[in-house]
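Chain and residue survey
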Amino acid sequence: MINLNIVERPNPQDREAENKFYAQAVATGKTDLKRLAHLVSHQSTVRKGDCYAVITSLLHNIIDELKQGKIVKLDELGSFQLGVQSNGVASAEEVNPSVVKDLRIKFRPDADLKVALNNKTVKFKVLTNNVA
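Residues numbered from 1 in each chain as written. Predicted model: local features only at pLDDT ≥ 70, side-chain atom pairs only at ≥ 80, totals over all residues. Heavy atoms only, no water.

A separate point is the pattern of salt bridges. Considering all chains together, one arrives at four salt bridges under this definition. Notably, a salt bridge pairs glutamate 65 with lysine 70, separated by 3.2 Å at the nearest N-O pair. Classification of glutamate 65 as partly exposed rests on a relative accessible area of 28%. Residue aspartate 102 pairs with arginine 104 through a salt bridge whose shortest N-O separation is 3.5 Å. A residue is classified by how much of its surface remains accessible, and aspartate 102, at 31% relative accessible area, is partly exposed. Residue arginine 104 is classed as partly exposed on the basis of its relative accessible area of 40%. What emerges from the salt-bridge pattern is a single network uniting Lys73, Asp75 and Asp110. (Salt bridge = Lys/Arg side-chain N within 4 Å of Asp/Glu carboxyl O. Buried < 20%, exposed > 50% of the residue type's maximum accessible area, 1.4 Å probe, protein only.)

The predicted coordinates of low-pLDDT regions are not to be read in fine detail. Per-residue confidence for the protein chain gives a mean pLDDT of 91, with 97% of residues at or over 70. Element-level pLDDT for the protein chain is lowest in strand 6 (residues 124–131), with a mean of 80, against a maximum mean of 96 in strand 5 (residues 100–109). (pLDDT = per-residue confidence, 0-100. Helix = DSSP H or I, 4+ residues; strand = E, 2+ residues; numbered from the N terminus.)

A few words on the side chain of serine 41. As for its position among the elements, serine 41 is in helix 1 (residues 33–41). In this structure the side chain of serine 41 is engaged in a polar contact, spanning 3.3 Å, whose partner is the side chain of histidine 42. Residues in contact with serine 41, not counting those within four places in the same chain, are Val46, Arg47, Lys48 and Cys51. (Polar contact = N/O pair within 3.5 Å; in protein donor to acceptor, adjacent residues only side chain to side chain. Contact = heavy atoms within 4.5 Å.)

Right, let's get into the sheet that holds strand 3 (residues 72–74). Across the sheet, which stays open at both edges, the three strands sit in the order 3-4-5 with antiparallel pairing between neighbours. Each end of this open sheet is capped by a strand with a single partner; those strands are strand 3 and strand 5. Taken pair by pair, the neighbouring strands of this sheet meet at an average axis angle of 25 degrees, ignoring direction. Contacts between helix 2 (residues 48–67) and the sheet are confined to strand 3 and strand 4 (78–86), with strand 3 contributing the most and set at about 145 degrees to the helix. (Pairing = 2+ DSSP bridges. Axes fitted to C-alpha atoms, helices over the stretch in contact; angles between N-to-C directions.)

This part covers the pairing of strand 2 (residues 20–26). For strand 2, the buried fraction is low: zero of the seven residues fall into the buried class. For strand 1 (residues 2–9) and strand 2, the ladder comprises seven bridges, and the chain directions are antiparallel. Counterpart to asparagine 3 in the pairing with strand 2 is valine 26.

Structure follows, in structure tokens:
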């Protein structure tokens, strides 16, 4: 179940408009690689340490492949790709690595993941008295 806070926000394009209220998802904790390894090991015949080693190796290899400019597609999960945010310059000749101001990791979920996680398959609970 996803807990929702109620947040009041102004319209950034019309500061004179009345504020509106929105739902904001609230995280209830974090799951790390050790926890995932534990869960996988209890769903298979593979030991927790082996699961952890495989997951950390996968993570290392995803990072290496992304650094090489590749799209990393994990079937049924989605694709990871690096993107950049850069400063604008006056001419094409001025574009060089120094204009890059930020590196982003883009994730595109696989169609199966989108089907498994949507507003029809996930339950929500509004936390009362939480207007922020």
